[in-house]
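# Residue-level structural notes
Take a look at the letters that make up each chain.
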Amino acid sequence: MQTDSALSILAALGHPTRLDAFRLLVKHEPDGLSTGQLVEASGLTQSTFSTHLAVLAKAGLVISEKRGRQIIQRADIDALRGLMLFLAKDCCQGRAELCEPLLAELACC
């Protein structure tokens, strides 16, 4: 991942509504949620939430799929993985033992 991509993702996740929506989508992988379910969970109007969803999609964090009459939103797990690797790649100056606690916490996912 390039720095510009990481910054775009971090900026998109820098708003509480978008962060909550993305975390909710990650929780519901691999099935995703309908746009209506996301709007309902957010407590916002559909037009307001659509703006937030567009920011997440532009950053490459959300994938939209049409299933019948519904649009299903899914978290792009590859984008999340890429960001996590970008942030931790040079962790601890190559001293793996210092990163073990982080890896141990992620291993339970």
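Located above this text is the structure these notes cover.
Presented here is an overview of the structure given in this document. Keep in mind that what you see is a predicted model, and the values were worked out from it rather than measured.

### Some points on the overall build of the chain
Scanning the chain from N- to C-terminus turns up 6 helices and 3 strands. For the chain, the sequential pattern of α-helices and β-strands runs α-α-β-α-α-β-β-α-α. Seen through its C-alpha atoms, the chain measures out along the principal axes to roughly 50 × 30 × 25 Å. Counting all 109 residues of the chain, 28% fall into the buried class. In the chain, once contacts between residues fewer than 6 apart in sequence are set aside, the share between residues at least 24 apart is 57%.

### Some thoughts on the sheet that holds strand S1 (residues 33-34)
Judged by pairing direction, the sheet is antiparallel, and its 3 strands sit side by side in the order S1-S3-S2 without closing on themselves. The open sheet has two edge strands with one neighbour each: S1 and strand S2 (62-67). One ladder, built from 2 bridges, connects S1 with strand S3 (residues 70-75); its direction is antiparallel. Each bridged residue has a counterpart across the sheet, and for leucine 33 the counterpart in S3 is glutamine 73.

### Comments concerning the pairing of S2
Note that S2 and S3 share 6 bridges and pair antiparallel. Paired with valine 62 across the strands is alanine 75, a residue of S3. Count of turn residues in the S2/S3 antiparallel hairpin: 2 residues, of which glycine 68 carries a positive phi of about 65°.

### Observations concerning the pattern of salt bridges
A side chain of one charge can pair with a side chain of the opposite charge when the charged atoms of the two come close. Scanning all chains against the criterion turns up 4 salt bridges. In this structure, arginine 74 engages glutamate 29 in a salt bridge whose closest nitrogen and oxygen atoms are separated by 2.8 Å. Taken together, the residues span a long stretch of sequence, with arginine 74 in strand S3 and glutamate 29 in the loop between helix H2 (16-27) and S1 at a distance of 45 residues. A salt bridge links arginine 67 to glutamate 65, with the nearest nitrogen and oxygen atoms 3.0 Å apart. The exposure class of glutamate 65 is partly exposed, given its relative accessible area of 24%. Here the salt bridges do not stand alone but share partners, grouping Glu29, Glu65, Arg67 and Arg74 into one network.

### Here's the deal with the side chain of histidine 52
Within the secondary structure, histidine 52 is located in helix H4 (residues 46-58). Excluding anything up to four places from it in sequence, histidine 52 contacts His15, Thr17, Arg18 and Leu44.

### Thoughts on the packing of H2 against H4
Any two packed helices are characterised by how steeply their axes cross, that is the angle between the axes, and by the distance between the axes. For the pair H2 and H4, the least separation of the axes is 10 Å and the interaxial angle reads 70°. Overall, the two elements H2 and H4 adopt an arrangement that is roughly perpendicular. As for the relative orientation of H2 and H4, their crossing is right-handed in sense. Of H4, the residues touching H2 (which contributes Thr17, Arg18 and Ala21) are Phe49, His52, Val55 and Leu56. Here the contact of H2 with H4 is built from residues that sort into 4 nonpolar, 2 polar and 1 charged.

Parameters and conventions
- Residues numbered from 1 in each chain as written.
- Predicted model: local features only at pLDDT ≥ 70, side-chain atom pairs only at ≥ 80, totals over all residues.
- Heavy atoms only, no water.
- Helix = DSSP H or I, 4+ residues; strand = E, 2+ residues; numbered from the N terminus.
- Buried < 20%, exposed > 50% of the residue type's maximum accessible area, 1.4 Å probe, protein only.
- Contact = heavy atoms within 4.5 Å.
- Pairing = 2+ DSSP bridges.
- Salt bridge = Lys/Arg side-chain N within 4 Å of Asp/Glu carboxyl O.
- Axes fitted to C-alpha atoms, helices over the stretch in contact; angles between N-to-C directions.
- Parallel < 35°, antiparallel > 145°, perpendicular 65-115°, else oblique.
- Left-handed = near helix turned anticlockwise from the far one by under 90°.
- Nonpolar A, V, L, I, M, F, W, Y, C, P; charged D, E, K, R; others polar.

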